[in-house]
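Per-entry structural report
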Amino acid sequence: MSAEIAALVDQAGPYLTAALGAYGVGVLARAEDAAVDATANVGRRFLDVVWRRRGEQGRAELEAAVRDAAEEPDDADAAAALRQQIKRALREDAELLTELAALLPAGQSGSVLVTASGERSIAAQHITTAITGDSATLRP
């Protein structure tokens, strides 16, 4: 099961990062926000499920890890500590793996998430030519 746990936590990484970026330290206390993109809301729900399934000590440890990761978004150690808290919760609660996996979009581990937001935005994993703007034309 540890391979499944590692794969799930890896897949959740971008969602957790987006949630911390959008909600900051308050990610565990905030309700879903319509103004925040879907990726961040998935990450917030993911953390909320883990938090609700932990005991008092587990919640305190998760809150501390979230706080550190939110306050230091470029600190790889803080992000690793948060992932470790999630892995610990998953090892201690076998049903949690299924519940969290259901929150993430279907797909293989290592799948790519591409998001575009705003007027005339484009998003693609692989692209040959992209033309945007008013009266844009392709010229040979």
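Structural notes, computed from the coordinates. For every chain, the first residue of the written sequence is number 1, and numbering continues from 1 onward in sequence order. Local features in this predicted model are restricted to residues of pLDDT 70 or higher, and side-chain atom pairs are both shown and tallied only at a pLDDT of 80 or more, whereas totals for entire chains, interfaces and linings draw on every residue. The side-chain numbers reported here are obtained from all heavy atoms of the structure, hydrogens and water having been left aside.

What follows covers the overall build of the protein. Helices and strands together make up the secondary structure of the protein, namely 5 helices and 0 strands. Secondary structure elements of the protein occur, N-terminal to C-terminal, as α-α-α-α-α. The 140 residues of the protein split such that 31% are buried. We call two residues in contact whenever any of their non-hydrogen atoms come within 4.5 Å of each other. When contacts within the protein are restricted to residue pairs at least 6 apart in sequence, those whose partners lie at least 24 apart make up 55%. Here, Shrake-Rupley sampling with a 1.4 Å probe gives the accessible areas, and only protein chains in the shown set may cover a residue. Element-wise, carbon and sulfur atoms account for 47% of the exposed surface of the protein, whose accessible area totals about 8,700 Å². Comment: elements are numbered from the N terminus, with helices defined as DSSP H or I runs of at least four residues and strands as E runs of at least two. Throughout this description, buried means an accessible area under 20% of the type-specific maximum (1.4 Å probe, protein chains only), exposed means over 50%, and partly exposed covers the range between.

All right, on to the pattern of salt bridges then. Note that side chains of opposite charge can pair when their charged atoms are close. Salt bridges are defined as contacts in which a side-chain nitrogen from Lys or Arg sits within 4 Å of a carboxyl oxygen from Asp or Glu. The full count for this structure, using the stated rule, is 5 salt bridges. Among the salt bridges present, the one from R52 reaches D48, with a minimum N-O distance of 3.0 Å. Taken together, the positions of R52 and D48, both in helix α2 (residues 38-53) and 4 residues apart, correspond to about one turn of that helix. R52 sits in the partly exposed class, given a relative accessible area of 45%. E99 is paired through a salt bridge with R53; the nearest N and O atoms lie 2.2 Å apart. Taken together, the residues span a long stretch of sequence, with E99 in helix α5 (residues 94-103) and R53 in helix α2 at a distance of 46 residues.

A 1.4 Å probe that fits but cannot get out identifies a cavity on a 1 Å grid over protein atoms alone, an open set with protein on both sides within 12 Å along at least five of seven lines counts as a pocket, and a residue lines either if it has an atom within 4 Å of a point. Grid points are joined across faces, edges and corners, and a volume is the space filled by probe spheres set on the points. Within this model, the largest pocket holds a volume of roughly 240 Å³. Breaking the lining of the largest pocket down by element, the ones donating at least two residues are α1 (2-23), α3 (56-71) and α4 (76-92). The leading source of residues in the lining of the largest pocket is α1, at 5 residues. Residue polarity is assigned by list, with Asp, Glu, Lys and Arg as charged and Ala, Val, Leu, Ile, Met, Phe, Trp, Tyr, Cys and Pro as nonpolar; anything else, Gly included, falls into the polar class. The class makeup of the residues in the lining of the largest pocket is 7 nonpolar, 3 polar and 3 charged.

On to the packing of aromatic side chains. Here the aromatic set is Phe, Tyr and Trp, taking the six-membered ring for Trp, and pairing holds for ring centres within 6.5 Å; pairs whose planes are under 30 degrees apart are stacked, those over 60 apart are edge-to-face, and all others are tilted. Going through the model one piece at a time under the given rule, you end up with 0 aromatic pairs. As a reminder, the over-ring test applies to NZ of lysine and CZ of arginine, requiring each to be within 6 Å of the ring centre and within 35 degrees of the ring normal. For R59, the ring lying beneath its charged end belongs to W51, and the centroid distance is 4.1 Å.

This part covers the nonpolar core. Definition used in this section: a nonpolar core is a set of buried Ala, Val, Leu, Ile, Met, Phe, Trp, Tyr and Cys residues joined via side-chain atoms within 4.5 Å. Grouped together as the largest cluster of nonpolar side chains are 31 residues, with contacts concentrated most on F46, L82 and L90. Taken together, the elements giving at least two residues each to this core come down to α1, α2, α3, α4 and α5. Not counting residues up to four positions away in its chain, the partners in contact with L82 are L20, L47, L62, A65, V66 and A69.

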